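Next come the chains, spelled out residue by residue.
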Amino acid sequence: MKKQNQICYLLLTVFLLLWNQESQAQNIIKTTAPEGWMIKTKNSAYQLFLGNDKKVRAIYYGAVAQKDHLRTNAAWTMGNHEVPVRGGLAAKTPAVEVVFADGVRDIDLFYQSSEIIDEEGMPVLKIVQKDSHYPLEVISYFKPYEEFDIIDKWLEVRNVGKKDKILVENLLSGGIALPHDQYTLTHVAGRHMNEFQLQVEPVNPGLKTVQQKEFKSNSTAPWFMVGTAETTDVSGPVWFGSVHYSGNWVLQFDKAFGGILQLLGGINFWDTNWTLNPGETFTTPKMSFGYSHTGADRASLNLAGYTKKHVLPARHREELRPVLYNSWEATYYNVNEKQQMALANVAKDIGVELFVVDDGWFKDRTDGRSQSGLGNFDADKDKFPNGLKPLIDHVHGLGMKFGLWVEPENVNPNSDVYRAHPDWIFQFPNRETNKFRKILNLANEDAYKHLLSALTKLLSEHAIDFIKWDQNNLLSDPGWANAPKGLDREARIRHTANVYRLVEELRARFPKVIFETCASGGGRVDLGMFARMDQAWVSDNTDPIDRLFIQHGYLKMLPSNTMVSWVTSMTRNLPVSLDYRFDVSMSGVLGIGADITKWDEQEKEVARKKIDLYKKLRPMVQWGDYHSLLSPFKGNRSALQYVLRDKDEGVVFCYNMAKYLTGSQFNDRKTVNRIRLKHLNPDYYYIIKNVNDEKARDEVYKGDFLMNVGLSWPVKDSAFHSAILHVERKP
């Protein structure tokens, strides 16, 4: 009987697998009139046309209703090649630019073949094109995600010749083209301590470039939305995209006067090229493109859902992120065993689940600044006489996980690795940039192997559960000492590839470890890094008022279960209560970074209650769908909501910011005293509980009322107060 059950289970599994593959294969349809392909998701369609001239053109990307109208119409973009190249007419932005051995710089691609292949159980359309004369193949890949209305695109270029090299001067991941219309671009800009500030601007004729050339993205991020004049948060078309890359990247928006809009993205080949030897292939990072027919909110929801389900590392993808404590703002570089144990004791008492020791723990980090020791991975004997083990055992004995800060890619000149291998750093001769912090050149295989060995030793000799991986330097001088001939301008790409390779290898060796990305705050939050990291330190600015603006922009493009937010003593603006600081940080992955040994009993009790509340709300915050209810950019109030996908339960965070004389501020005159919730079931009844006010009575409203009429603003009329509403379906 047991064997029969096993056979039945196996047959059922095979049936479900085949059914799933067949269902997914319907997302890629070969068309005959016109000849080409339709890549379809739940609400979108991407249409490719193969002409009699054997040219592959992208003719439509938008609402799925197009699939029933396979004939020329106003939404088509007939003149746009799927892979725009340098060659032929110059009135386009190319995705591929090469130089052949005889100096020819034009490309002339013709269709060769196509097939549907499998990647991780999902169908991928593969289209091969080849130059008409030279040994260059360009292969396009399209991977649709039905549920999220997203298509991943990427390119491969291959030298199919036998003797001559091909020099690649530009190679983007791909692009889309939209017909003539009045478009608006949304992206983010900022700087260190001021990341993710939303920018909205018209797309005028000409070329708009958003790019990163410094290896850090505090100033911008590889994400965009484009809408029309009719687009709102909840209606109208939106096209969006994000590059899966953590090195230098570029987004380009090329609008022809009275013509199409090209949107392209990928690696930024500024000061970079790549040599393709005979038989070699280069593969770009993926770029995700998506379409929403119901406004910007749905675009954000789909990208966040896609990231949680398909991008984040599978090992910890379904896990709730722990409440963490980080010692940085309590101790800075002056850490020691006794002090960290005292902090751990208080952390355990207030309900922390993960205790993290930040910078300052390693050998020669003795000057209280960041100018020495970086590059060493042995504990400083003066601070930890018996190494890290006693502290780790103490933290584990308290029932918490243990985490450690590292900055593998950078070194100080006053470190063992720099003294032994000064040729391993990025540095041009006769030039001087950052005097105290240098970037290890991981394009150098010896430097890569050193870091892999050192980090493997650290993790294998200590019971470490969590790594905060920092990167605090700009790459402005990519000099590669003793570079193999012809590889010096490949340094940036090779370095980024080996950063990825290093993290992947460490994850394979230590699969239980949680990894957090950090780069002077939010300098490396992108889908390339999130394919390898579980969460992110969003900004070094922990002021709660500033964080409302920073986190609003972050949540437009990335999911809440990656957004780490600490409660600290930082007040760059006016002083605010500990309750308010917790309420702001509880809208993401909650962390604490203050010197909690200095908290009095009343402050500790606030922390205990807030952390206990957060643990109850955490499934909604980290797994729920995010909705912005009131933008902090549009008034002196801010509100956001998370709702579980079954719409049975949710949580609403409401914040008062500055208080002005009534009517004295233009935006204040528009501030509404009601707040409308989103994406509930209109027919359900919901219990609304203000969990910040023990005296408040529970109220019951129908979902339709909550979404269309709304609730009275639940925060008392004064500055820097907040409310948290628990929304639960009435049984």
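Quick notes on the rules
- Residues numbered from 1 in each chain as written.
- Predicted model: local features only at pLDDT ≥ 70, side-chain atom pairs only at ≥ 80, totals over all residues.
- Heavy atoms only, no water.
- Helix = DSSP H or I, 4+ residues; strand = E, 2+ residues; numbered from the N terminus.
- Rg over C-alpha atoms; globule rule 2.2 N^0.38 Å.
- Buried < 20%, exposed > 50% of the residue type's maximum accessible area, 1.4 Å probe, protein only.
- Contact = heavy atoms within 4.5 Å.
- Phe/Tyr/Trp six-rings, centres within 6.5 Å; stacked < 30°, edge-to-face > 60°.
- Lys NZ or Arg CZ within 6 Å of the ring centre and 35° of its normal.
- Pairing = 2+ DSSP bridges.
- Axes fitted to C-alpha atoms, helices over the stretch in contact; angles between N-to-C directions.
- Parallel < 35°, antiparallel > 145°, perpendicular 65-115°, else oblique.
- Left-handed = near helix turned anticlockwise from the far one by under 90°.
- Nonpolar A, V, L, I, M, F, W, Y, C, P; charged D, E, K, R; others polar.
- Polar contact = N/O pair within 3.5 Å; in protein donor to acceptor, adjacent residues only side chain to side chain.
- Core = buried A, V, L, I, M, F, W, Y, C linked by side-chain atoms within 4.5 Å.
- Salt bridge = Lys/Arg side-chain N within 4 Å of Asp/Glu carboxyl O.

The next thing to look at is the overall build of the protein chain. Check the secondary structure of the protein chain and you find 14 helices and 38 strands. For a compact globule of 731 residues, the expected C-alpha radius of gyration is about 27 Å, and the protein chain comes in at 27 Å, within 12% of that figure. If one aligns the C-alpha atoms of the protein chain with their principal axes, the spans along those axes are about 80 × 75 × 70 Å. Burial statistics for the protein chain: of 731 residues in total, 58% are counted as buried. Of all intrachain contacts in the protein chain linking residues separated by at least 6 positions in sequence, the fraction that spans at least 24 positions is 68%.

Given two aromatic rings, one states the distance between the centres and the angle between the planes to describe the pair. Under the defined criterion, the tally for this structure stands at 27 aromatic pairs. Ring centres 5.1 Å apart and planes at 10 degrees place the aromatic pair Y141 and W154 in the stacked group. Of this pair, Y141 sits in strand 8 (residues 136-145) while W154 sits in strand 9 (residues 150-159), placing them 13 residues apart in sequence. In this structure, Y141 and W154 share a single accessibility class: buried. An angle of 80 degrees between the planes, with centres 5.0 Å apart, marks the rings of W328 and Y332 as edge-to-face. Look at Y332 and you get partly exposed, because its relative accessible area is 42%. Cluster of aromatic residues (ring-pair linked, three or more members): Y46, Y61, F142, Y183, W239 and Y291. Against the face of W37 rests K30, its NZ or CZ located 5.0 Å from the ring centre.

The strands that make up a sheet pair up through hydrogen bonds in the backbone, lying either parallel or antiparallel. One closed barrel holds the eight strands; their spatial order is 21-22-23-26-27-28-29-30, and the pairing between them is parallel. On average, each strand axis in the sheet is inclined to that of its neighbour by 30 degrees, with strand direction left out of account. Strand direction decides the pairing type here: strand 22 (residues 354-357) and strand 23 (residues 401-406), joined by four bridges, are parallel. Residue pairing for strand 23: F355 is matched across the bridge by F402.

Running from N to C, helix 10 (residues 544-555) and helix 11 (residues 578-585) point in directions that differ by 15 degrees, and their axes come no closer than 10 Å. One element, helix 10, and the other, helix 11, form an angle in the roughly parallel class. Considering only the axes of helix 10 and helix 11, their crossing is left-handed. Residue-level contacts link P544, I545, R547, L548 and Q551 of helix 10 to Y580, R581 and V584 of helix 11. Among the residues making up the contact of helix 10 with helix 11, the classes are represented as five nonpolar, one polar and two charged.

The next subject is the pairing of strand 16 (residues 249-255). Each regular strand carries side chains that alternate between the two faces of the sheet. Among the seven residues of strand 16, seven are classified as buried, and the element is accordingly described as predominantly covered. Both strand 13 (residues 206-211) and strand 16 contribute to a ladder of six bridges, which runs antiparallel. Pairing of G206 across the sheet is with K255, part of strand 16. In sequence, strand 16 turns back onto strand 17 (residues 261-267) through a hairpin of five residues, with G258 there showing a positive phi of about 70 degrees.

This part is about the environment of D53. Inspection of the secondary structure puts D53 in the loop between strand 3 (44-50) and strand 4 (56-63). Given the relative accessible area of 35%, D53 is considered partly exposed. Through-space distance from the C-alpha of D53 to that of F110 is 8.0 Å; in sequence the pair is 57 residues apart. Looking at D53, its side chain comes within polar contact range of the main-chain nitrogen of K55, at 3.1 Å. Separated by 3.0 Å, the side chains of D53 and R57 make a polar contact.

Turning to the nonpolar core, a few remarks are in order. Counting residues in each nonpolar core, the largest one holds 172 residues, and the members touching the most others are L48, V96, W361, Y554, F582 and I592. Setting aside residues no more than four positions away along its own chain, L48 makes contact with E35, G36, W37, I39, V56, R57, A58, E82, L125, I127 and F142. Counting residues in hydrophobic clusters, the runner-up holds 19 residues, among them A639, L680, Y684 and Y686.

Summed over the entire model, instances satisfying the criterion amount to 46 salt bridges. Between D297 and K678 there is a salt bridge; the shortest N-O distance is 2.6 Å. With D297 in helix 2 (residues 295-311) and K678 in the loop between strand 34 (674-675) and strand 35 (685-690), the pair connects residues that are 381 residues apart, well separated along the chain. The exposure classification of D297 matches that of K678, with both residues buried. Here K363 ties to D416 by a salt bridge, and the two come within 2.9 Å at their closest N and O atoms.

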